[in-house]
Amino acid sequence: MAEEESTLKMADAIITDESLAEWRKRVGVKLRIGNIFNELACKDNIRKFCNGIGDGNPLFRDEAYAKKSRYGGLIAPPNFLYSVFPTWVLQGLPGIHGFHAGNDWEFYRPVRLGDDIVPESVFTGFEEKKSSFAGRMVMEYQDALYYNNRKELFAKAKTWIVRAERKAARTTGKYHKFQLPHPWTEAELAKVEEQALNEEIRGSKTRYWEDVKIGDKVGPVVIGPFGLTDMIAYCVGASPIEILAHGLALQLYRKHPAWAFRDPGTGAMEPIYGVHYNKAAANFAGLPFPYDAGVQRNCWFIRPFVNWMGDEGWLKSTHTEYREFFYFSDVLWFQGEVTKKYFDENGEACVDIKMGGVNQRGAETAPGWGTVILPSRDKKTWPVQKRLK
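Residues numbered from 1 in each chain as written. Predicted model: local features only at pLDDT ≥ 70, side-chain atom pairs only at ≥ 80, totals over all residues. Heavy atoms only, no water.

A. How the structure looks around the overall build of the chain. When its secondary structure is counted, the chain shows 12 helices and 11 strands. If you line up the chain on its principal axes, its C-alpha atoms span 65 × 50 × 40 Å. Counting across all 389 residues of the chain, residues that qualify as buried make up 52%. Residue pairs at least 24 apart in sequence account for 74% of intrachain contacts in the chain once pairs closer than 6 positions are excluded. For the chain, the accessible surface area stands at approximately 17500 Å², while carbon and sulfur atoms represent 52% of it. Put simply, the chain has 52 plus and 49 minus side-chain charges, and the middle of one group is 3 Å from the middle of the other. (Helix = DSSP H or I, 4+ residues; strand = E, 2+ residues; numbered from the N terminus. Buried < 20%, exposed > 50% of the residue type's maximum accessible area, 1.4 Å probe, protein only. Contact = heavy atoms within 4.5 Å. Areas by Shrake-Rupley, 256 points an atom, 1.4 Å probe, with all protein chains shown as cover. Lys, Arg positive; Asp, Glu negative; His and termini not counted. Charge placed at Lys NZ, Arg CZ, Asp CG, Glu CD.)

B. Empty space enclosed by the protein, seen in detail. In this structure the tally under the stated criterion is one cavity of 30 Å³ or more. Lining the largest cavity are 22 residues, and of these I75, A76, P77, P78 and W314 lie nearest its centre. Among the secondary structure elements, those contributing two or more residues to the lining of the largest cavity are strand 4 (153-164), helix 11 (294-309) and strand 8 (314-321). Of the residues contributing to the lining of the largest cavity, the split by class is 17 nonpolar, three polar and two charged. (1 Å grid on protein atoms, 1.4 Å probe; cavity = no way out; pocket = protein on both sides within 12 Å on 5 of 7 lines; lining within 4 Å. Points joined across faces, edges and corners; volume = space filled by probe spheres on them. Nonpolar A, V, L, I, M, F, W, Y, C, P; charged D, E, K, R; others polar.)

C. Up close: the nonpolar core. Counting residues in each nonpolar core, the largest one holds 102 residues, and the members touching the most others are F80, L81, Y146, L287, W308 and I353. Here the element with the most residues in this core is helix 11; it accounts for nine residues. Leaving out residues up to four positions away in the same chain, L287 has contacts with F99, F133, Y175, H176, A282, F325 and Y327. Formed by five residues, the second largest nonpolar core is a distinct cluster that contains W184, L189, V192 and V222. (Core = buried A, V, L, I, M, F, W, Y, C linked by side-chain atoms within 4.5 Å.)

D. Fine view of a nonpolar patch on the surface. Taken together, L228, I232 and V236 make up a surface patch of nonpolar side chains, about 260 Å² in accessible area. When you line up the elements, V236 lands in helix 8 (residues 228-238). Residue V236 is classed as partly exposed on the basis of its relative accessible area, which comes to 48%. (Patch = residues over 30% accessible without salt bridge, like charges linked within 9 Å, V, L, I, M, F, W, Y side chains within 5 Å. Salt bridge = Lys/Arg side-chain N within 4 Å of Asp/Glu carboxyl O.)

E. Molecular detail of the layout of surface pockets. Taken as a whole, the second largest pocket encloses approximately 260 Å³ of empty space. If you go around the second largest pocket, you meet 15 residues; those closest to its centre are G54, V222, I223, G224 and D230. Elements represented by at least two residues in the lining of the second largest pocket include exactly helix 3 (43-53), strand 5 (217-223), helix 8 and helix 11. In terms of residues, the lining of the second largest pocket owes the most to one element, helix 3, which gives three residues. Looking at the lining of the second largest pocket residue by residue, the classes come out as eight nonpolar, four polar and three charged.

F. Molecular detail of the sheet that holds strand 5. The strand order across the open sheet built from nine strands is 2-3-4-1-8-11-10-9-5, with neighbouring strands paired in antiparallel fashion. Two strands close off the open sheet at either side, each with one partner strand: strand 2 (118-131) and strand 5. In this sheet, adjacent strand axes meet at a mean angle of 20 degrees when their direction is disregarded. Pairing geometry for strand 1 (residues 97-107) and strand 8, over five bridges, is antiparallel. (Pairing = 2+ DSSP bridges. Axes fitted to C-alpha atoms, helices over the stretch in contact; angles between N-to-C directions.)

G. Structural view of the environment of A366. In this fold, A366 is placed in the loop between strand 10 (349-359) and strand 11 (368-374). Each residue touching A366, except ones within four places of it in the same chain, is listed here: R297, F301, T320, E321, F334, M355, G356 and G357.

H. Local environment of the packing of helix 8 against helix 11. Two elements in contact, helix 8 and helix 11, have axes whose closest approach is 11 Å; the angle formed by their N-to-C orientations is 90 degrees. One way to sum up the angle between helix 8 and helix 11 is to call them roughly perpendicular. Judged by residue contacts, D230, M231 and Y234 of helix 8 engage V295, Q296 and C299 from helix 11. By residue class, the composition of the contact of helix 8 with helix 11 is four nonpolar, one polar and one charged. (Parallel < 35°, antiparallel > 145°, perpendicular 65-115°, else oblique.)

I. Quick peek at the packing of aromatic side chains. According to the stated counting rule, one finds 20 aromatic pairs in the structure shown. Measuring from ring centre to ring centre gives 5.6 Å for F99 and F325, while their planes differ by 75 degrees; the resulting arrangement is edge-to-face. With F99 in strand 1 and F325 in the loop between strand 8 and strand 9 (332-343), this residue pair connects regions lying 226 residues apart in the sequence. Three or more aromatic residues joined by ring pairs form one cluster here, namely Y82, F85, W105, F107 and Y146. The residue whose ring lies beneath K340 is Y342, and the NZ or CZ to ring-centre distance is 4.8 Å. The lysine or arginine in question, K379, covers the ring of F343, its NZ or CZ lying 4.1 Å from the ring centre. (Phe/Tyr/Trp six-rings, centres within 6.5 Å; stacked < 30°, edge-to-face > 60°. Lys NZ or Arg CZ within 6 Å of the ring centre and 35° of its normal.)

J. Summary view of the pattern of salt bridges. The final tally for this structure, using the stated rule, is 21 salt bridges. Here E152 ties to R109 by a salt bridge, and the two come within 3.5 Å at their closest N and O atoms. Pair noted here: E152 is in the loop between strand 3 (135-147) and strand 4 and R109 is in the loop between strand 1 and strand 2, with a separation of 43 residues, a long-range link. Accessibility expressed as a relative area gives 28% for E152, which makes it partly exposed. D211 is paired through a salt bridge with R377; the nearest N and O atoms lie 2.8 Å apart. Taken as a pair, D211 in the loop between helix 7 (186-197) and strand 5 and R377 in the loop between strand 11 and helix 12 (383-387) lie far apart in primary sequence, 166 residues in all. Classification of R377 by relative accessible area gives partly exposed; the value is 37%. A single salt-bridge network, built from bridges that share partners, covers D17, E128 and R136.

Purely spatial values, then, with no claim about function.
If you want it as C-alpha cells, here you go:
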C-alpha cells in the first residue's frame with residue numbers, strides 16, 4: 001500500500017468544520033446535472049441498458065412481444081431511469097470519496113418508446129456520523145425527480161451518499177479481511193451458473209392479487225461471479241458519469257483535478273469512477289478490490305420484483321440499502337418473500353415484498369423492500385391500464 005500511496009495521485013482531503021460550514025450553504029439548492037446519459041428512451045438505449053444489467057425480459061427487448069401487451073409497444077424497465085441520471089450529483093467536499101448508499105423510489109408512470117426524460121436534483125441536507133470504516137464521515141441526502149417533456153412525473157427518488165476520507169479508510173483496512181478473488185471451485189461455479197440460467201420471468205402470464213399468499217417466494221435473480229466485462233457492459237448501458245477519452249478527458253481533468261488520478265501501472269489518467277474496475281484506485285479508496293456501483297446493485301435489486309409481477313403488474317415503490325461491498329469475483333442472490341397484501345387508499349391491490357441480496361459469504365449486502373400493485377380478478381382493476389390514461 002505504501003508504494004501505491006507514493007505513486008497514485010488521487011485527491012486526498014479531510015473533512016473539516018470549515019468545509020462543512022461552506023457545504024451547508026448549499027442545502028436546498030437545485031443542483032446542476034452535468035451528464036444526462038440516456039435522456040431518450042429509444043430501442044438502442046433500452047436494449048443496451050438491459051444488456052448492461054443482464055435483463056432478458058421480452059417486454060423491454062422484443063417489439064413483437066411488447067405490441068401484444070397492454071402497453072402496445074416497447075417500454076423501459078423502471079430501473080432504466082438510473083441510466084438517465086443516477087439520482088445523485090457528486091458535489092462539494094472535493095477529495096472526499098462518495099459511496100452511493102441507497103435509494104427510496106416511487107414510480108408513477110411508464111417510460112415508453114420515444115419519451116424524453118428530464119431529471120432534476122436537489123441537495124436536501126447532510127448529517128455527521130462516525131464509522132469503523134473511515135472515522136469521521138458525512139451522510140449526504142439528495143432528491144431526484146424524473147419528468148417527460150410535458151412535465152409529467154415518471155418517478156422520484158430519495159438518495160443517501162456516504163462521504164468518507166480516503167486516507168482514513170485505507171488506515172482502518174476494515175474490508176481487507178476476505179480472500180479476493182474468491183476461491184471458487186469448478187463445482188461451485190457450475191451450480192451458480194445453473195441458478196443464473198434458471199431465472200424466471202413471469203411475462204404475459206397474469207399474476208392476480210387473489211392468487212398471492214403471505215410467504216410466497218420472489219426470485220431468485222443470481223448475479224456473478226462479477227467481472228470486468230459485467231462492469232463494462234453496465235457502463236455502456238448506463239454510465240453514471242461522463243466517461244471521456246484522450247484529449248477530451250484531459251481537458252476535463254485539468255478543469256476538475258479532483259475527479260481523476262494517474263494510474264501507477266499505465267501512466268494514464270483515469271476517472272475516480274475507476275474504483276469500480278481498477279484495483280489500484282479501489283485500494284486508494286480503502287477497498288481491497290474493484291467493487292460494483294451502488295446504482296448498478298439497485299438495478300439488480302429491482303429485477304426480481306419486475307420478473308415476479310409480470311407484464312400486468314406495477315412496481316409502486318422500493319427501498320434499498322447497500323451494506324457490504326460487492327467485489328469482482330463475488331456472487332449475489334437476490335430473493336424476496338411476500339410479507340403483506342392489502343388494498344390501499346386508492347383501492348389498488350398491493351403486495352409488500354421483503355427483498356435482499358446475499359453474497360457467497362452469507363452477508364446481506366442489499367436489504368430492502370418494495371410494493372407491487374397487481375391486477376385484481378374480483379375487483380377488475382388493472383394497474384397498468386390506470387397508468388396509461
